[in-house]
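Fold and contact review
The residues making up each chain are set out below.
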Amino acid sequence: MAQFGFCLLLLFSGLIHHIKSHIKKEDKTGVTERPNFIIILADDIGLGDLCVYRPDNSTPTPWLDSLMLKGKRFTDFHSPASTCSPSRAALLTGRHGLRNGVNFAVGSVGGLPLNETTFAQLLHDAGYYTAIIGKWHLGHNGSYNPVHRGFDYYFGIPYSNDMGCTDKPGLDLPSCPPCVRSQYTTRKHEECYTEVALPLFENETIIEQPLDTWSLKNRYASAAVKQIFTASISKKQPFLLYVALAHMHVPLFHNSFLNVTTQDPYTASLSDMDSLVGTIMQVVSTEQLENTLIWFTGDNGPWEQKCQFAGHVGPFVGKWQATGGGSAKKTTWEGGHRVPTVVAWPKKIKPNSTSSALLSGLDIFPTILSLAGVKPPSDQRYDGIDITNILLNDSDTGHKSLMHPNSGAAGQFGDLRTVRLKHHKAFYITGGSVTCGGGSGQQQYHDPPLICDLSQDEAEETPLNPESDEYRSVLKEVEREREALLWDIATDKISLADYTVIPAAVPCCQPHNPACRCHSLK
């Protein structure tokens, strides 16, 4: 599988030559020394999916393994939330969902509130060329489209790759049928999108519906290469490229594609993702864009209920909950939000280095702004920290505490009911997430909270004894940290998202065609 990905990568050498031949190369004299940024966000990836985090079980990811060796990898890095929309909103704004208004979102009229500022807007205003390739999931209608949120260019899907039917469905549970082709078809399928096809956007225009997901990896790779050349060669600007992958949400292809067996679809999808990342790495290397920082991370942990189509959490299995529910995506167990992360920047970041600092996707916003010499708006408060000193030096000073928001499994969306304090972690609520077998744990409130010592108990199996001195000491500080943050949020300028859902808000290029099919746009 890895060899297949490498062979595909060789094909992109021709693609690179083709794109360069159509972009006028000009004198780069006077180009600023501000760094380029490539943020690669994997969807539903597990900490145990990459061999550098799981050395006992190698994976077909040679390019990602190479990236890990070129940069600094983080062993205690967390997504801002354990489900898609709030995690992405927090990454782009550096603010928790309770501040930016996005605690959970599906297809709706609105999206990320318009008074929230993304790092793309700030970098664009500072002279950067900005582009997003991939999954947005923060609103697609009108002013919520990425081209109105700081991006010069957008190519991708407005939400997840399984939130719409396709003519060639990928592997999923449940197994979904192709899109309807006749207005007389009344087929329904539980948990599947059968009536509206998956759209592919370029800027504000749907250019294909339904999207052929089997070709998506190659199209994303081509678009990423083109945007890098557009910025660095044609426009001669420093650039921000945000690549929000469809991988590893569910496999994007059927068994016959890539000639994989029914036991190996996730591995094949990992290889597919790896070759896309490799294409980006290759063009950066080939064009000698050394002043380019590449940041790879994930939006949340694996989607456990998808069984063989889901990733691996490594040692963070959430054993306390395992007998009664899931312990990955949508939960605040470590498997739900601890994600593989690496940052590489030639001659700036020490290669093949490791940091155990407690960090979060919230930190991307302040860090890249700091490196670009851009200040965020002063009328809002932020939850991320600038980790420049960790990236460039040997510092391991990260967050003292992190708050993990409820993300769909239990409690109210966005509530900060799980607190990480150094190596301790306190749960005020657990349960609710669906397992591979279909069962879900009973929602439970804990007063006093469960507290685990992750330095001794990575599996989160045995909480501390509430009567112990250690427990009482940790609880006092946990409550102090949580109350201070909640008060800070309550006195901040916060946003509210519009979650109104109406049929007219569904992206549809040709409403009179079955499944909104766009024949003429293909």
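Per an unreviewed UniProt entry, the protein chain is named Arylsulfatase G, and its organism is Sinocyclocheilus anshuiensis. Taken directly from UniProt, the Subcellular location (unreviewed entry) text for the protein chain runs: "Lysosome". We quote the UniProt Sequence similarities (unreviewed entry) comment for the protein chain here in full: "Belongs to the sulfatase family."

**Some details on the layout of surface pockets**
Its boundaries defined by the atoms lining it, the second largest pocket holds a volume of some 340 Å³. Along the walls of the second largest pocket sit 17 residues, with K70, M281, V284, S285 and P346 positioned nearest its centre. Secondary-structure elements contributing two or more residues to the lining of the second largest pocket are α2 (62–70), α7 (265–286) and β9 (292–298). Of the residues in the lining of the second largest pocket, the class split is eleven nonpolar, three polar and three charged.

**Things to note about the side chain of T341**
Secondary-structure assignment places T341 in strand β10 (residues 341–344). Side-chain polar atoms of T341 contact the side chain of T297, separated by 2.9 Å. Within the structure, T341 has its side chain in polar contact with the backbone oxygen of V339 (distance 3.3 Å). Other than its neighbours up to four places away in sequence, T341 contacts Y53, K72, R73, F74, F77, W295, F296 and T297.

**A look at unusual backbone geometry**
What is expected of a backbone is that most residues other than glycine have negative phi and most peptide bonds are trans. Each neighbour pair has its own omega, and for Q209 with P210 the value is 5°, a cis peptide bond. As for its position among the elements, P210 is in the loop between β7 (205–208) and α6 (216–234). Of the consecutive residues H247 and M248, the connecting peptide bond is found in the cis state with omega at 10°. Here M248 shows up in the loop between β8 (239–244) and α7.

**Focus on the pattern of salt bridges**
Tallying each qualifying case throughout the model produces 27 salt bridges. A salt bridge links E481 to K400; the shortest N-O distance between them is 3.5 Å. With E481 in helix α12 (residues 469–490) and K400 in the loop between α11 (388–392) and β13 (401–405), this residue pair connects regions lying 81 residues apart in the sequence. The exposure class assigned to K400 is partly exposed, which follows from its relative accessible area of 38%. Among the ionic contacts, a cluster of salt bridges with common partners joins R95, R99, E116, R381, D383, D488 and D492.

Cut-offs used in this document
- Residues numbered from 1 in each chain as written.
- Predicted model: local features only at pLDDT ≥ 70, side-chain atom pairs only at ≥ 80, totals over all residues.
- Heavy atoms only, no water.
- UniProt positions renumbered as here; feature names shortened; annotations may be inferred.
- 1 Å grid on protein atoms, 1.4 Å probe; cavity = no way out; pocket = protein on both sides within 12 Å on 5 of 7 lines; lining within 4 Å.
- Points joined across faces, edges and corners; volume = space filled by probe spheres on them.
- Helix = DSSP H or I, 4+ residues; strand = E, 2+ residues; numbered from the N terminus.
- Nonpolar A, V, L, I, M, F, W, Y, C, P; charged D, E, K, R; others polar.
- Polar contact = N/O pair within 3.5 Å; in protein donor to acceptor, adjacent residues only side chain to side chain.
- Contact = heavy atoms within 4.5 Å.
- Salt bridge = Lys/Arg side-chain N within 4 Å of Asp/Glu carboxyl O.
- Buried < 20%, exposed > 50% of the residue type's maximum accessible area, 1.4 Å probe, protein only.

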